[in-house]
Every structure is written in structure tokens, then in C-alpha cells.
Amino acid sequence: MPRDASTPAGARAVTAVAPAKINLHLGVGDVRGDGYHDLLTVYRAVDLWERVTVSLDDADDDSEVVVTGPGAPQVPTDRTNLAARAVDLLREEAGSDARIAIRIHKGVPVAGGMAGGSADAAAALVATDRLLGLGLGRAALEERAARLGSDVPFCIRGGTALGTGRGEKLATLLHARAEQHIVVALADGGLSTPTVFAEFDRLRAERDRLRAERDPADPGRDPADPERGLPRAGGVDPLVAALAGDDPAAVAGLLANDMEAAALSLMPALRRTLRVGREAGALHGMVSGSGPTCLFFCTDRDHAIAVAAEISEHGVAREVRVTRGPVGGAHIVDDPTGK
Ligand code: C5P
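Small disclaimer: the values here were computed from a predicted structure and weren't measured.

Moving on, we get to the site of the ligand. The full set of residues close to the ligand is G35, Y36, H37, L39, G149, S150, R166, T193, P194 and F197. The side chain of H37 places a nitrogen or oxygen atom 2.7 Å from an oxygen atom of the ligand. Between R166 and the ligand, the recorded distance is 2.9 Å, taken from a backbone N or O atom to a nitrogen atom. Of the pockets mapped on this structure, the ligand occupies the largest pocket. When contributions to the shell around the ligand are tallied by element, the ones reaching two or more residues are β2 (37–56) and α5 (193–214). In terms of residues, the shell around the ligand owes the most to one element, α5, which gives three residues. The residue makeup of the shell around the ligand, split by class, is four nonpolar, five polar and one charged.

Below, the structure written as C-alpha cells:
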């Protein structure tokens, strides 16, 4: 097979990693015409990573996707896989006919509300850009990322960022540097993001109906009301201000997730997980994004290890991990062997 002209000589395989995200604040507005919800969110990248290797493949059969690590059997290996979509997007844009094999090693819970699939896409974009010698740069990669999913641009950028639009418009919060220690409790099974958004819409419609019955003059029902459609979790200014400091308790007191009620409605067993983590002394416990992973915010690493041990002992999570944030975004790693 003729080698694509844009492929730099010698680069046969490139490996990139991309981090999981959590939402320190996730405010959800009304559903938009395109089916997405307007969001006001504070993203934070945490120290759990997806690893994606893209390699030029001499095989004659279709380019393949191989997935390894926890939860791998639940991840599609056809061209709907988000990493494959990222590779296809850049290859098409480059007019390349290179066969590119994709290997993914999962380090982020699958369907856990931590953007594992989005991290695959982010890592694949960064790696494929290098493999094909495109030199697109961060801004161009983030623009391509937004086409693949709402969380993908953040998985490229990392750190801590304010997200608006459907989550793809980012403003980095440079001052939010204090290290945060978090226990991640994985649930049995996953939740599909669209299903949780649909449950969110149902619960909110129900709440609005009950309010209207109680108070027919409730201004929240007025379609002309400027407050209508705004995220319910409130503003982010106090949280953004607290993130400039170094007080984990102050930050923990300002965390919010509009999606939590919907995730709990679909998976009521999570209430017990949250209760156990809070009783174990976590500063705050909440569902991660659309769930079902639960997060427990702690004062320092020793505290996080103690809380994690308590949660494990109570058997209320499939697996418990200790992590920290913020960490950087997607980047090429030196070790191309995936170890
Ligand atoms: O953007 P992404 O493909 O990751 O989103 C997956 C699904 O989550 C969307 O199809 C939509 O149902 C829902 N979603 C949403 N509003 C957002 C982001 C995602 O309703 N802001």
C-alpha cells in the first residue's frame, strides 16, 4: 500500500493520553432546538487517564479498534467508537488513505459520567494529528473535538475550566490550582447520558407542573421570564472565587450537580453509596456528571484513603479509587507500547 505523503517518515505509532473529567458545578438549562441542553459547568480534569495508540497499519483488512482494560467489553469496536470517529475525521480532512489501527486502554470508568469516551476521542485527535503530521495546534483540535462531543474539547484542554454552550465553550480558570483529593466510587453498571438528560427533563416538567398547581402566578412558568431556562444550580461565582484559595472545605461547600436527582431516580441504590461516603467523613459527596459514579471530596490524600477504605468496607461500590485534580489535558506520551 502506498504510504500517505503527509505521514512523517519514521512515525509508525503515536500514543496519547487524555484525562477523565468531573464537574465541580453542573447547571443544566432547558433543552435546545438541537436536542442539547445549555450548560453552565466548572470542569476539572482528574488523574485517571485513557491511553490511545494510533499506528499505521499494513494489514489489508479494515482498520481495527482494540480495547483493553476495565469495562472494555462494553466499548464498541466499530467506527462508532469515539476514537475511531476522531481518527476518521482527521484522516478525511487530510485527504489521507492511510490505514490506522487504534488501541485503547481504559483507565476511566465506562458510562460512568466521567467522559471516558470523550477522553478517547481527545487522545485520538492529539495522536492522529501527530501521526499524520498535520500540526493542527490546540485551538484547531478543540474545534474538531467539539464536533465529536460536548466534553471532548475539555478533555483536550484539561486543568479547570468554565464550560458553557452545550459544554464545549471553554474558559480556563488559571487561578484554580490548589490540589483536590477525591474518592471515586464506581457503580455496578453504567447510565447512558441521553437517558439521564431525558429523566432530568421529565423530573423538571413534573416539578414545574406541581409548582403551577400550587401557585398559578409563579413567574417561572412565563415563557418570557428571563430566568426561564437558566441552570437551576445557580451561579458559579462563589465557587470560582473559592477555587482561588486553598480551603478544600470551602470549595466542597459550593459543589453542585443538577443531574444528580435524575441519576438517583434512575439508580436509587446510589443514595446509599452517597450516605456511606458522607458518614465516612467526606467533605461532600455527589454524583459525577450524569452518573452513576459517585465522588467524595476530601481534605487531603490521607483523608481520601480513609474515606475510600470505609466505602469499600461497606460494599456499596463496585470499585473505589483515590484520585486528585487538577491535571493537564491530552498529550503525547513517550512510551508508545501502551505500558
Ligand atoms: O455531546 P455528547 O455526544 O457527548 O452528548 C451525548 C448526549 O448527551 C447528547 O446526545 C444529548 O442527548 C445529551 N446532552 C445534552 N446536553 C448537553 C450535552 C449532552 O442533552 N449539553
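On we go from here.
This next bit is on the UniProt feature "binding site: ATP" (unreviewed entry) in the protein. Residues given the UniProt feature "binding site: ATP" (unreviewed entry) here are P109, V110, A111, G112, G113, M114, A115, G116, G117, S118 and A119. Restricting the annotated residues to those that line the largest pocket leaves P109, V110, A111, G112, G113, M114, A115, G116, G117 and S118. As for its placement among the helices and strands, A111 is situated in the loop between β4 (100–105) and α2 (116–131). In this view, A111 contacts G190, L191, G291 and P292; residues no more than four positions away in its chain are not counted. Checked against the element boundaries, G113 lands in the loop between β4 and α2. Look past the residues within four positions of G113 in its chain and what remains in contact with it is K21, S288, G289, S290 and G291.

The next point concerns the sheet that holds strand β7 (residues 180–186). Spatially, four strands are ordered β9-β10-β7-β11 in an open sheet, and the strand pairing comes out antiparallel. The sheet is open, and its two edges are formed by β9 (284–287) and β11 (319–325), each paired on a single side. Strand after strand, the sheet turns through a mean of 25° between neighbouring axes, direction not considered. Examined bridge by bridge, β7 and β11 share seven bridges and lie antiparallel to one another. From the neighbouring strand, L186 faces β11, where its bridge partner is E319.

Okay, the layout of surface pockets next. Each pocket or cavity is described by its volume, and for the largest pocket that value is around 950 Å³. Along the walls of the largest pocket sit 39 residues, with L82, S118, D151, T193 and P194 positioned nearest its centre. Only β1 (13–31), β2, α2 and α5 provide two or more residues apiece to the lining of the largest pocket. Sort the elements by how many residues they give to the lining of the largest pocket and α2 lands first, with four residues.

Summarising the element assignment, M259 is placed in the loop between β8 (256–257) and α8 (260–266). Residues M259 and F197, 62 residues apart in the sequence, show an inter-C-alpha distance of 7.5 Å.

A cis geometry characterises the amide bond from G291 onward to P292, with omega recorded as 5°. The residue P292 is located in the loop between β9 and β10 (294–298) in this model. Backbone torsion omega between G325 and P326 reads 0°, so that peptide bond is classified as cis. With respect to the secondary-structure elements, P326 resides in the loop between β11 and β12 (331–333). One non-glycine residue, A111, adopts positive backbone phi at about 50°.

Inspection of every chain in the model, using the stated rule, returns 19 salt bridges. One salt bridge connects R324 with E179, and the closest N-O pair in it is separated by 3.0 Å. Placement of R324 in strand β11 and of E179 in the loop between β6 (169–172) and β7 is noted, with a sequence separation of 145 residues between them. Taking relative accessible area as the criterion, R324 reaches 30% and is therefore assigned partly exposed. Beyond isolated ion pairs, a larger network of salt bridges with shared partners links E93, E143, R144 and R147.

Here we take up the UniProt feature "domain: GHMP kinase C-terminal" (unreviewed entry) in the protein. Summarizing the sequence annotation, UniProt attributes the feature "domain: GHMP kinase C-terminal" (unreviewed entry) to residues 242–316 in the numbering used throughout. Span residues 242–316 is 48% helix and 15% strand, its end C-alpha atoms 31 Å apart.

Before going further, it helps to examine α2. Compared with the 22 Å implied by 1.5 Å per residue over 16 residues, the 22 Å span of α2 between its first and last C-alpha is a close match. Taking burial as the measure, the 16 residues of α2 include 14 buried ones, the bulk of the element.

What counts, and at which threshold
Residues numbered from 1 in each chain as written. Predicted model: local features only at pLDDT ≥ 70, side-chain atom pairs only at ≥ 80, totals over all residues. Heavy atoms only, no water. Near = heavy atom within 4 Å. Polar contact = N/O pair within 3.5 Å; in protein donor to acceptor, adjacent residues only side chain to side chain. 1 Å grid on protein atoms, 1.4 Å probe; cavity = no way out; pocket = protein on both sides within 12 Å on 5 of 7 lines; lining within 4 Å. Sits in = over half its atoms within 2 Å of the grid points. Helix = DSSP H or I, 4+ residues; strand = E, 2+ residues; numbered from the N terminus. Nonpolar A, V, L, I, M, F, W, Y, C, P; charged D, E, K, R; others polar. UniProt positions renumbered as here; feature names shortened; annotations may be inferred. Contact = heavy atoms within 4.5 Å. Pairing = 2+ DSSP bridges. Axes fitted to C-alpha atoms, helices over the stretch in contact; angles between N-to-C directions. Points joined across faces, edges and corners; volume = space filled by probe spheres on them. Salt bridge = Lys/Arg side-chain N within 4 Å of Asp/Glu carboxyl O. Buried < 20%, exposed > 50% of the residue type's maximum accessible area, 1.4 Å probe, protein only. Expected span 1.5 Å × (residues − 1).

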